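Letter by letter, the chains look like this.
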Amino acid sequence: MAPQDIPDGLRLCRASGWNQREEDWRQMLQSNPGGFVAAVEGGRVVGTGGAVRYGSELGWVCMILVDPEWRGRGIGTRIMDEVLRRLQGVAVVGLDATPGGRLVYVKLGFRDARAVARFAALSPPPPPTSALRAMTAADLPEVLAWDREAFGADRGAVLRWALGQAPEYAWCAADAGRLDGYCFGRHGHHADQVGPVVARQTDVARDLVRACLAPQAGRRFFIDAPREPTEWARALAGLGFVEQRPFTRMYRGDAKEPGRPEQTFAVAGPEFG
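Just so it is clear, the model here is predicted, and its values are computed rather than measured. Throughout this document, residue positions are counted from 1 along each chain, in the order its sequence is written. This being a predicted model, a pLDDT of at least 70 is required before a residue's local features are given, and a value of 80 or more before pairs of side-chain atoms are given or counted; all residues contribute to the totals for chains, interfaces and linings. As a rule here, side-chain values come from all non-hydrogen atoms in the structure, and water together with hydrogens is ignored.

## Quick notes on the overall build of the protein
What counts, and what does not: Note on conventions: DSSP H or I runs of at least 4 residues are helices, E runs of at least 2 residues are strands, and numbering of each starts at the N terminus. For the radius of gyration, the atom set is restricted to C-alpha positions; the globular benchmark scales as 2.2 Å times the number of residues to the power 0.38. Contacts are assigned to residue pairs with any non-hydrogen atoms lying within 4.5 Å of each other. Where accessible areas are quoted, they stem from the Shrake-Rupley method and a 1.4 Å probe; at the residue level, only the protein chains shown are allowed to cover. Charged-residue counts in this description rest on Lys and Arg as positive and Asp and Glu as negative, His and the chain ends being excluded. Just so you know, the charge point we use is NZ for Lys, CZ for Arg, CG for Asp and CD for Glu.
When helices and strands are tallied, the protein shows eight helices and 12 strands. Here the C-alpha atoms of the protein give a radius of gyration of 18 Å, agreeing with the 19 Å that 2.2 N^0.38 yields for 273 residues. In the protein, the proportion of contacts linking residues at least 24 apart, taken out of those at least 6 apart, comes to 71%. Total accessible area on the protein is roughly 11700 Å²; 50% of this is exposed by carbon and sulfur atoms. Put simply, the protein has 34 plus and 32 minus side-chain charges, and the middle of one group is 4 Å from the middle of the other.

## Structural notes on the pattern of salt bridges
Once the charged atoms of two side chains with opposite charge are near each other, the side chains can pair. Heads up, the rule is: By definition here, a salt bridge exists when the distance from a side-chain nitrogen of Lys or Arg to a carboxyl oxygen of Asp or Glu is within 4 Å. Type-normalised accessible area, obtained with a 1.4 Å probe on protein chains alone, sets the label of each residue: buried when under 20%, exposed when over 50%, and partly exposed for intermediate values.
Enumeration over the complete set of coordinates arrives at 23 salt bridges. Residue glutamate 57 pairs with arginine 148 through a salt bridge whose shortest N-O separation is 2.1 Å. With glutamate 57 in the loop between β2 (44-54) and β3 (58-66) and arginine 148 in helix α5 (residues 140-151), this residue pair connects regions lying 91 residues apart in the sequence. Overall, the relative accessible area of 30% leaves glutamate 57 in the partly exposed class. Arginine 148 sits in the partly exposed class, given a relative accessible area of 32%. Residues arginine 118 and aspartate 224 are paired through a salt bridge, measuring 2.8 Å at the closest nitrogen-oxygen approach. Of this pair, arginine 118 sits in strand β5 (residues 110-121) while aspartate 224 sits in strand β10 (residues 221-226), placing them 106 residues apart in sequence.

## Digging into the nonpolar core
Soluble globular proteins tend to pack their nonpolar side chains together in the buried interior. Applied cut-off: In this text, buried Ala, Val, Leu, Ile, Met, Phe, Trp, Tyr and Cys residues form a nonpolar core when linked through side-chain atoms within 4.5 Å.
Ranked by internal contacts, the top residues of the largest apolar core, which has 40 residues, are Trp25, Tyr54, Met63, Tyr182 and Phe184. By size, the runner-up hydrophobic cluster in this structure holds 28 residues, among which are Phe119, Leu208, Phe221 and Ala235.

## So, the pairing of strand β1 (residues 36-41)
Taken residue by residue, a regular strand's side chains alternate between the two faces of the sheet. What counts, and what does not: In short, DSSP must find at least two bridges between two strands for them to pair.
Across six bridges, the pairing between β1 and β2 is antiparallel. Residue pairing for β2: alanine 39 is matched across the bridge by glycine 47. Taking the residues between adjacent antiparallel strands as the criterion, β1 and β2 are bridged by two residues, where glycine 42 takes a positive phi near 60°.

## Structural notes on helix α1 (residues 6-16)
Turn by turn, an α-helix covers 3.6 residues, leaving residues three or four places apart pointing in a common direction. The cut-off we apply is this: Relevant arc is that of directions from the helix axis to the C-beta atoms, nothing else.
Of all the positions in α1, only Ile6, Gly9, Leu10, Leu12 and Cys13 are classed as buried. Down the axis of α1, the smallest arc covering the buried residues is 160°, so these residues share one side. Buried-residue contacts for α1 involve α2 (22-31), β2 and β3. Glycine 17 lies just past α1 and shows a positive phi near 75°.

## Structural notes on the layout of surface pockets
Just so we agree on the cut-off: Think of a 1 Å grid over the protein atoms and nothing else: a 1.4 Å probe that fits but is trapped marks a cavity, an open set flanked by protein within 12 Å on at least five of seven lines marks a pocket, and residues with an atom within 4 Å of a point count as lining. Grid points are joined across faces, edges and corners, and a volume is the space filled by probe spheres set on the points. Ten residue types, Ala, Val, Leu, Ile, Met, Phe, Trp, Tyr, Cys and Pro, are classed as nonpolar, four, Asp, Glu, Lys and Arg, as charged, and the remainder, Gly among them, as polar.
As a volume, the largest pocket reaches approximately 650 Å³. What lines the largest pocket is a set of 31 residues, among which Trp18, Ile64, Thr98, Gly101 and Tyr105 lie closest to the centre. Among the elements of the structure, β3, α3 (75-86), β4 (92-97), α4 (99-107) and β11 (242-252) are those that each provide at least two residues to the lining of the largest pocket. The element contributing the most residues to the lining of the largest pocket is β3, with six residues. Its residues assigned to classes, the lining of the largest pocket shows 16 nonpolar, 10 polar and five charged.

Structure below.
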């Protein structure tokens, strides 16, 4: 898949109601040369798919899209086969499956890790109460060092890009000189996306999300977050979030979820892991 295919990728996103923008596609293609493929029939792109690679440690399968008129013909499976072939040698391969795609991925050797859901909110909540500050480039070394442990792979390039694209959604929580949490976000077609959110405690994660939402009156937000623990789901509800649709976070074979998932209160999205 090449940059000139991005308009077709966006067309397939719109046909499926997905939230990605041109900037997302461009970042994925530029950072993962040879990692994405397009299925073409009669000179027309009818499917896409690929993986964001985080070194040799983790490959995140994403953007498996098939034109509605071409579904049910095995195109998605052929795309997955090629994407997985290109991920040979990567230690862990994961993805976020929609309910419709989960059974396909089970047949390809993926196993359930945990339940995730997309939550949506509109009305801004009260201001945060934790000691927060807007993230700057000077914070990145400490943030990225922690993120390498929490995520289980180096996604520094994605997070630097997110900070540049949407600095208003990048926040740090600190207490007595110790970093207690951080978050990033992105702009989207249907709604802006909050995530990842990494924190030591639920109340810190809640306030990081509040910091993103509070100044943005009337703007719609998505957050892709674990359904457990229920304490976190209740905290999101208190911020005005309502569950929209479920995902299942899956990993291929016997691979375990990397990093420290108990510190992740929102993922970066199905396209970035």
